[in-house]
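# Report on the structure
Each chain, written out:
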Amino acid sequence: MASQFSGVLQLTDLDDFITPSQECVKPVKVEKKQGKSVAKIQIEDDGSYVQVNQDGGKKKLEKAKITLNDCLACSGCITSAESVLISQQSHEELLKVLRNNKTSAMEQKVVVVSVSPQSRASLAAHYGLSSSEAGRRLTSFFKSLGVHHVFDTSFSRTFSLLESQREFLERFQRKELDSKALPMLTSACPGWICYAEKTHGEFILPYISTTRSPQQMMGSLVKGYFAQEQGLNPQQIYHMAVMPCFDKKLEASRSDFYMNKAETREVDCVITSGEVQKMLEEKNLCLSDLQPAPLDTMFSSVEGDEFLSHAGSASGGYLHHVFTYAAKKIFGEEVKEVTYKILRNKDFQEVTLEKDGTAVLCFASTYGFRNIQNLVQKLKRGKSPYHFVEVMACPSGCINGGGQVKPSPGQTPKEVLQKVEELYKAERPQAPEDDAHVAELYQLWLHSLGEERAKELLHTQYHTVEKMTNGLTMKW
């Protein structure tokens, strides 16, 4: 089975493509029992493992259940056996919770679904709808299943953009004292983060923004503010996110996003746009045939019954918003239009701000593994000219994530990608600073918690994963 995770997650080293890997820490499950003599393990022609006892008896070994936590802690590959990896990260888990709500009066959960704008645009393209029309019908679909609230991660992305702007300003001000303050590399892509932690560790991590991704910002909002407002323990909420990318399942599984006191994850489950399509098909439903439902406005960027978005790239617009903010705050320049210069390819673009003929700000967007590799090598050689880089593991960014709806017969991937981007960018952009509801939450919720606790809820940290040293990881 071909891996559905992003390319960078399948790479043990820059030239090493593994699927599935010999380096996986748990290839088979061996039951250890007291008093038993040592048995041999042999590999059959079909690749299965068989335990051969001293008496000649054979027993086929079952595959070990490898959790996402195992993969995050292992410096080998990310295995391509998604059926094993994502046993706790599938739409079946959501349906199980919803069934339990109907049958068990004692263990009721408030079910919240957060939908990314990239997923909404992908489903809209597939079903011939506008992004907002798709959003209203998705709200209708999820609520018909028993979901209580459907939110929009464009709203939580506003927090991510505002925090990214502030973090960049702080890094720029200390750049003379800290050689790794700049360039600031974005942190919204979990494929890129996982690759950085496993492959470049201590060298690259200080450059990466500590700002949480929109998915995990929504995790803080739902299991923090929302739980508080509803008078609920975070454990009483089941929070599922709909994302364009399988790597987001890895992000939700990080120990950094586990609430130890409440004993629950901030995001319990992540499913992809394609998995939502599968849910609809399993119920013999077509999204375009469903009646639209009013949008939930508590954590959604909406105006009337239309969704609002952010300017810039279809991967969140981080470069656009940080660039215009920095130009104004540091150099007093009001940038009305950001002009992109394509370098090696459309996935490597550059933006500069010049004053008196000198480039005072130099930003870039770097998508896809090849371009990420070039960026890292430039940093290692001390040749990077950039102050900020928007980094995404997938070529063309988030709208081209591995979890997006696949092309229908007769469609090319390029045609579908173009349509998804058109639908995504058709939504009216709103500047993060102009969102009154977000500003209100900063005042009412975050300021009341104190600076240290607020930072925990808005930022995260990264961890170097030490390389394993054993015979399987050596290149002979």
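Up top is the structure.
Here we summarise the structure given alongside this text. (Residues numbered from 1 in each chain as written. Predicted model: local features only at pLDDT ≥ 70, side-chain atom pairs only at ≥ 80, totals over all residues. Heavy atoms only, no water.)

## Regarding the overall build of the protein chain
- Broken down by element type, the protein chain carries 15 helices and 19 strands.
- Long-range pairs, those at least 24 residues apart, make up 73% of the contacts in the protein chain with a sequence separation of at least 6.
- By element, 49% of the accessible surface of the protein chain is carried by carbon and sulfur atoms, the whole surface being about 22,500 Å². (Helix = DSSP H or I, 4+ residues; strand = E, 2+ residues; numbered from the N terminus. Contact = heavy atoms within 4.5 Å. Areas by Shrake-Rupley, 256 points an atom, 1.4 Å probe, with all protein chains shown as cover.)

## Some words on helix H8 (residues 214–230)
- The largest bend along H8 reaches roughly 30° and is located at Leu-221.
- Summarising burial for H8: 13 of the 17 residues are buried, a large majority.
- The first or second residue beyond H8 is Gly-231, which carries a positive phi of 70°. (Bend = angle between axes of the 7 residues up to and from the residue. Buried < 20%, exposed > 50% of the residue type's maximum accessible area, 1.4 Å probe, protein only.)

## Some thoughts on the packing of aromatic side chains
- Taken as a whole and judged by the stated rule, the model has 18 aromatic pairs.
- Between Phe-168 and Phe-172, the aromatic rings sit 5.9 Å apart at their centres with planes inclined by 40°, giving tilted as the arrangement. A residue pair is termed a helical-turn pair when its members lie 3 or 4 positions apart in one helix, as Phe-168 and Phe-172 do in helix H6 (residues 153–173) at 4 residues. Accessibility assignment for this pair places Phe-168 and Phe-172 in one class, buried.
- The ring centre of Tyr-442 lies 4.8 Å from the NZ or CZ of Arg-166, which sits over that ring.
- In this structure, Lys-175 packs its charged tip against the face of Phe-172, placed 3.9 Å from the ring centre. (Phe/Tyr/Trp six-rings, centres within 6.5 Å; stacked < 30°, edge-to-face > 60°. Lys NZ or Arg CZ within 6 Å of the ring centre and 35° of its normal.)

## Brief notes about empty space enclosed by the protein
- Evaluation of the coordinates by the stated rule reveals 7 cavities of 30 Å³ or more.
- What lines the largest cavity is a set of 24 residues, among which Gln-118, Ala-188, Pro-244, Lys-248 and Cys-398 lie closest to the centre.
- Put simply, the parts of the chain that give the lining of the largest cavity at least two residues each are helix H4 (117–127), H6, H8 and helix H9 (247–252).
- Looking at side-chain class alone, the lining of the largest cavity contains 13 nonpolar, 8 polar and 3 charged residues.
- Taken as a whole, the second largest cavity encloses approximately 90 Å³ of empty space.
- Residues of the lining of the second largest cavity, tallied by class, amount to 4 nonpolar, 5 polar and 3 charged. (1 Å grid on protein atoms, 1.4 Å probe; cavity = no way out; pocket = protein on both sides within 12 Å on 5 of 7 lines; lining within 4 Å. Points joined across faces, edges and corners; volume = space filled by probe spheres on them. Nonpolar A, V, L, I, M, F, W, Y, C, P; charged D, E, K, R; others polar.)

## Topic: unusual backbone geometry
- Omega for the bond connecting Leu-182 with Pro-183 falls within 30 degrees of zero, at 0°, which places this linkage in the cis form.
- Mapped onto the elements, Pro-183 comes out in the loop between H6 and strand E8 (184–185).
- The backbone phi angle of Glu-263 is positive, close to 55°, even though this residue is not glycine.
- Locating Glu-263 in the fold gives a position in the loop between strand E10 (258–259) and strand E11 (264–265).
- Judged by its relative accessible area of 53%, Glu-263 falls in the exposed class.
- Its identity is not glycine, yet Ser-396 carries a phi of approximately 70°, on the positive side.
- Tracing the backbone through its elements, the reader meets Ser-396 in the loop between strand E18 (388–392) and helix H13 (413–425).
- With relative accessibility at 17%, the residue Ser-396 sits in the buried group.

## Some details on the nonpolar core
- Residues Phe-168, Leu-185, Trp-192, Ile-204, Leu-361 and Phe-363 are the most contacted members of the largest nonpolar core, which totals 44 residues.
- For Leu-361, the contacting residues outside a window of four places in its chain are Phe-168, Phe-172, Phe-323, Ala-326, Ala-327, Phe-331, Val-351, Thr-352, Leu-353 and His-387.
- Counting 38 residues, the second largest nonpolar core, distinct from the first, contains Leu-98, Tyr-127, Val-150 and Met-240. (Core = buried A, V, L, I, M, F, W, Y, C linked by side-chain atoms within 4.5 Å.)

## Focus on the packing of H6 against helix H14 (residues 436–449)
- At their nearest, the axes of H6 and H14 sit 10 Å apart, and the two run at 75° to each other. On the basis of their axis angle, the class for H6 and H14 is roughly perpendicular. Every residue of H14 that contacts H6 at Phe-155, Thr-158, Phe-159, Leu-162, Glu-163 and Arg-166 is listed here: His-437, Val-438, Leu-441, Tyr-442 and Leu-446. (Axes fitted to C-alpha atoms, helices over the stretch in contact; angles between N-to-C directions. Parallel < 35°, antiparallel > 145°, perpendicular 65-115°, else oblique.)

## Points about the sheet that holds strand E6 (residues 110–115)
- Taking strand neighbours across the sheet as the criterion, the 4 strands line up as E7-E6-E9-E12 in an open arrangement whose pairing is parallel. A single partner strand is all that each edge strand has here, and the edge strands are strand E7 (149–152) and strand E12 (269–272). Within this sheet the neighbouring strands show an average axis-to-axis angle of 25°, counted without direction.
- One ladder, built from 4 bridges, connects E6 with E7; its direction is parallel. Looking at the pairing, Val-112 lines up with His-149 of E7.
- Its contacts with the sheet put H6 on E6, E7 and strand E9 (237–243), and the angle it makes with E7 is roughly 45°. (Pairing = 2+ DSSP bridges.)

## A word on the pattern of salt bridges
- One pass over the full model with this rule turns up 22 salt bridges.
- For Asp-178, the salt bridge is made with Arg-174, and the minimal N-O distance between the two is 2.3 Å.
- The salt bridge partner of Lys-328 is Glu-334, with a shortest N-O separation of 3.9 Å.
- With a relative accessible area of 48%, Lys-328 lands in the partly exposed category.
- The network of salt bridges with shared partners includes Arg-120, Asp-152 and Glu-427. (Salt bridge = Lys/Arg side-chain N within 4 Å of Asp/Glu carboxyl O.)

## Some details on helix H11 (residues 318–331)
- When the terminal C-alpha atoms of H11 are compared, their 19 Å separation across 14 residues agrees well with the 20 Å that a helix rising 1.5 Å per residue should span.
- Summarising burial for H11: 10 of the 14 residues are buried, a large majority.
- Here H11 has its buried residues at Tyr-318, Leu-319, His-320, His-321, Val-322, Phe-323, Thr-324, Tyr-325, Ala-326 and Ala-327.
- Where H11 is buried, its residues touch H6, H8, strand E16 (348–355), strand E17 (358–367) and E18.
- Just downstream of H11 lies Gly-332, where phi reads positive at about 70°. (Expected span 1.5 Å × (residues − 1).)

## Observations regarding the side chain of Asp-296
- Relative to the helices and strands, Asp-296 is located in the loop between helix H10 (273–282) and strand E13 (302–303).
- Taking the relative accessible area as the measure of exposure, Asp-296 reaches 14% and is therefore buried.
- Of note is the side chain of Asp-296, whose polar atom sits 2.9 Å from the side chain of Lys-143.
- At a separation of 2.6 Å, a polar atom in the side chain of Asp-296 contacts the main-chain amide nitrogen of Val-150.
- Residues in contact with Asp-296, not counting those within four places in the same chain, are Lys-143, His-148, His-149, Val-150 and Phe-151. (Polar contact = N/O pair within 3.5 Å; in protein donor to acceptor, adjacent residues only side chain to side chain.)

Just distances and angles here, no functional claims.
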